[in-house]
Amino acid sequence: MDSNQRTDHIYNRAHALAVTGYGPGDVVEKLVEEGYPEAASMLDSELIRADLSRLADTSASSDIIAMLWSFDAMALAEKSKLQPTRDPVGGLPGRSRTHRRQQGTRRQATG
């Protein structure tokens, strides 16, 4: 990873950590633990600390988390939508041959 990529990663990771609720000091500590000691000097700015604090405070209000859960729920609902199935032997959507056979047997028995 070249220095530009490393710098971009540190800023992106700092914002990602702040969104999950880490305050500015915790963000720096976490990045240093992850092997980015230069994060301490890179993030040592009033504007950056204020931005990280704002993100951490917003996540504490759970607005961001609620939004992410909403997106996850929508994606899950989309994936799990049941598509009508067609019996390859000319059947009705959503009904199996066995189900139709059982229905026919019941009609014969009662008819």
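Our subject is the structure that appears above.
Cut-off values and rules
- Residues numbered from 1 in each chain as written.
- Predicted model: local features only at pLDDT ≥ 70, side-chain atom pairs only at ≥ 80, totals over all residues.
- Heavy atoms only, no water.
- Helix = DSSP H or I, 4+ residues; strand = E, 2+ residues; numbered from the N terminus.
- Buried < 20%, exposed > 50% of the residue type's maximum accessible area, 1.4 Å probe, protein only.
- Salt bridge = Lys/Arg side-chain N within 4 Å of Asp/Glu carboxyl O.
- Axes fitted to C-alpha atoms, helices over the stretch in contact; angles between N-to-C directions.
- Parallel < 35°, antiparallel > 145°, perpendicular 65-115°, else oblique.
- Left-handed = near helix turned anticlockwise from the far one by under 90°.
- Contact = heavy atoms within 4.5 Å.
- Nonpolar A, V, L, I, M, F, W, Y, C, P; charged D, E, K, R; others polar.
- Arc of directions from axis to C-beta.
- Expected span 1.5 Å × (residues − 1).
- Polar contact = N/O pair within 3.5 Å; in protein donor to acceptor, adjacent residues only side chain to side chain.

Q: Break down the overall build of the protein chain for me, citing the residues and quoting the values.
A: Summing up its helical and strand segments, the protein chain has six helices and zero strands in all. Taken from N to C terminus, the helices and strands of the protein chain fall in the order α-α-α-α-α-α. Within the protein chain, the fraction of its 111 residues that count as buried is 17%.

Q: Tell me about the pattern of salt bridges, and please be specific about residues and values.
A: Applying the stated criterion across every chain yields a total of four salt bridges. Between aspartate 51 and arginine 54 there is a salt bridge, with its nearest N and O atoms 2.6 Å apart. Note that aspartate 51 and arginine 54 are positioned in helix H4 (residues 46-60) at a spacing of three residues, about one turn of the helix. Look at aspartate 51 and you get partly exposed, because its relative accessible area is 23%.

Q: For the packing of helix H1 (residues 3-19) against helix H2 (residues 24-33), give the residues involved together with the corresponding values.
A: Remark: H1 packs on H2, axes separated minimally by 10 Å, with the N-to-C direction vectors making an angle of 130°. By the angle between their directions, the pair H1 and H2 is classed as oblique. Two packed elements cross with a definite hand, and for H1 against H2 that hand is right-handed. Contact residues: Ile10, Arg13, Ala14, Leu17 and Ala18 in H1; Val27, Lys30 and Leu31 in H2. Taken together, the residues of the contact of H1 with H2 break down into six nonpolar, no polar and two charged.

Q: Let's hear about H2: which residues, and what values?
A: Buried within H2 are the following residues: Pro24, Val27 and Leu31. For H2, the angular spread of buried residues about the axis comes to 55°, placing them on one side. Residues of H2 that are exposed and angled more than 90 degrees away from the buried face: Gly25 and Glu33. Of the residues trailing H2, glycine 35 is marked for its positive phi of about 100°.

Q: Pulling in residues and values, what's your account of H1?
A: End to end, H1 covers 24 Å across 17 residues, agreeing with the expected 24 Å (1.5 Å per residue, within 8%). Regarding H1, the residues found buried are Ile10, Ala14, Leu17 and Ala18. Viewed end-on, H1 has its buried residues packed into an arc of 100°, placing them on one side of the element. Facing away from the buried surface of H1 by more than 90 degrees, the exposed residues are Asn4 and Asn12. The residue sitting at the N-terminus of H1 and contributing the capping side-chain oxygen is aspartate 2; that oxygen lies 3.1 Å from the backbone nitrogen of asparagine 4.

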